[in-house]
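Residue-level listing of the chains:
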Amino acid sequence: MKLTDRLSPRLLAIVDALPLRPGMRVLEIGCGPGAAAREVARRIGSGHVLAIDRSRKAIEQAQAACRDEFAAGIITLRQVAAEDFELLPGEEKFDLAFAVRVGAFDGRHPAAGEKALPRIAAALKPQGRLLIDGGDPLRELPLQR
């Protein structure tokens, strides 16, 4: 394992708290350089992670860091803001979505959150959940369906 593959203790606690199981489809919102996406992908085995971020630079960093997972089809990356996210035609819905330090969900950008929540809800399976940091260590945001 490379030093750059290690998660910070805070991020590790967040990934540990996610209700992950093999084969899940997981959406990470605000993936940054992809550290959590790689760890989630490792834990869900034959599942899939779609990691999104509004920042082109973050997606470029994640592309470099997740090169092997991307090549294996385990992780897909997409540059898009949460409030603009939608499934691509034919794309399967997700079991779980999570976000760490994303202003649309943590109260820093409430207008973006009002737009993002219905989009994320639409991308989740009926029992899908949206978890964000700020709890102990996570909390669930209620979704209107």
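That block above? That's the structure.
Here the structure is a predicted model, which is why all the values come from computation and not from measurement.

Cut-offs and rules
Residues numbered from 1 in each chain as written. Predicted model: local features only at pLDDT ≥ 70, side-chain atom pairs only at ≥ 80, totals over all residues. Heavy atoms only, no water. Helix = DSSP H or I, 4+ residues; strand = E, 2+ residues; numbered from the N terminus. Expected span 1.5 Å × (residues − 1). Bend = angle between axes of the 7 residues up to and from the residue. Buried < 20%, exposed > 50% of the residue type's maximum accessible area, 1.4 Å probe, protein only. Contact = heavy atoms within 4.5 Å. Pairing = 2+ DSSP bridges. Axes fitted to C-alpha atoms, helices over the stretch in contact; angles between N-to-C directions. Core = buried A, V, L, I, M, F, W, Y, C linked by side-chain atoms within 4.5 Å. Disulfide = S-S within 2.5 Å.

1. Overview of helix H6 (residues 110-123)
Here H6 is 14 residues long and its end C-alpha atoms lie 20 Å apart, about the 20 Å a rise of 1.5 Å per residue gives. Where H6 bends most, at Ala116, the angle is about 30°, and the proline Pro118 comes one to four residues later. Burial in H6 covers these residues: Ala112, Gly113, Ala116, Ile120, Ala121 and Ala123. Taken together, the buried residues of H6 touch strand E1 (25-29), strand E4 (94-99), helix H5 (103-106) and strand E5 (124-133).

2. Concerning the sheet that holds E1
Strands sit in the order E3-E2-E1-E4-E5-E6 across an open sheet of 6 strands; the sheet is mixed. The open sheet has two free edges, formed respectively by strand E3 (75-79) and strand E6 (138-141), since each of these has just one partner strand. The mean inter-strand angle of the sheet, taken between neighbouring strand axes irrespective of direction, is 25°. With 4 bridges joining them, E5 and E6 adopt antiparallel strand pairing. By the bridge assignment, Asp133 is partnered in E6 with Leu138.

3. Some details on the nonpolar core
Among the nonpolar cores identified, the biggest contains 26 residues, and Leu18, Val26, Val40, Val49, Ile75 and Phe98 are the most heavily contacted of them. Listed by contribution, the elements that provide at least two residues to this core are helix H1 (9-17), helix H2 (35-44), strand E2 (48-53), helix H3 (56-65), E3 and E4. Among all residues touching Leu18, those that are not within four sequence positions of it are Val40, Leu96, Phe98, Leu131 and Leu138. If you look at the next biggest cluster of nonpolar residues, it comprises 23 residues, including Phe85, Phe105, Leu124 and Leu143.

4. Section: the state of the cysteines
The final tally for this structure, using the stated rule, is 0 disulfides. This cysteine, Cys31, is not joined by any disulfide, and Cys66 carries the nearest cysteine sulfur, 7.4 Å off. By relative accessible area, which is 1% here, Cys66 ends up buried.

5. Brief notes about unusual backbone geometry
Here the amide bond leading from Asp136 into Pro137 is cis, since omega sits at 5°, within 30 degrees of zero. The topology assignment puts Pro137 in the loop between E5 and E6. A positive phi angle is found at Arg101, which is not glycine, with a value near 55°. Positionally, Arg101 belongs in the loop between E4 and H5. Accessibility expressed as a relative area gives 62% for Arg101, which makes it exposed.

6. Overview of the pairing of E2
Within E2, 6 of the 6 residues are buried, which leaves the element mostly enclosed by the surrounding structure. Side-chain alternation along E2 places His48, Leu50 and Ile52 on one buried face and Val49, Ala51 and Asp53 on a second face that is also buried. Pairing of E1 with E2 involves 5 bridges; the strand directions are parallel. Paired with Glu28 across the bridge in E2 is Ala51.

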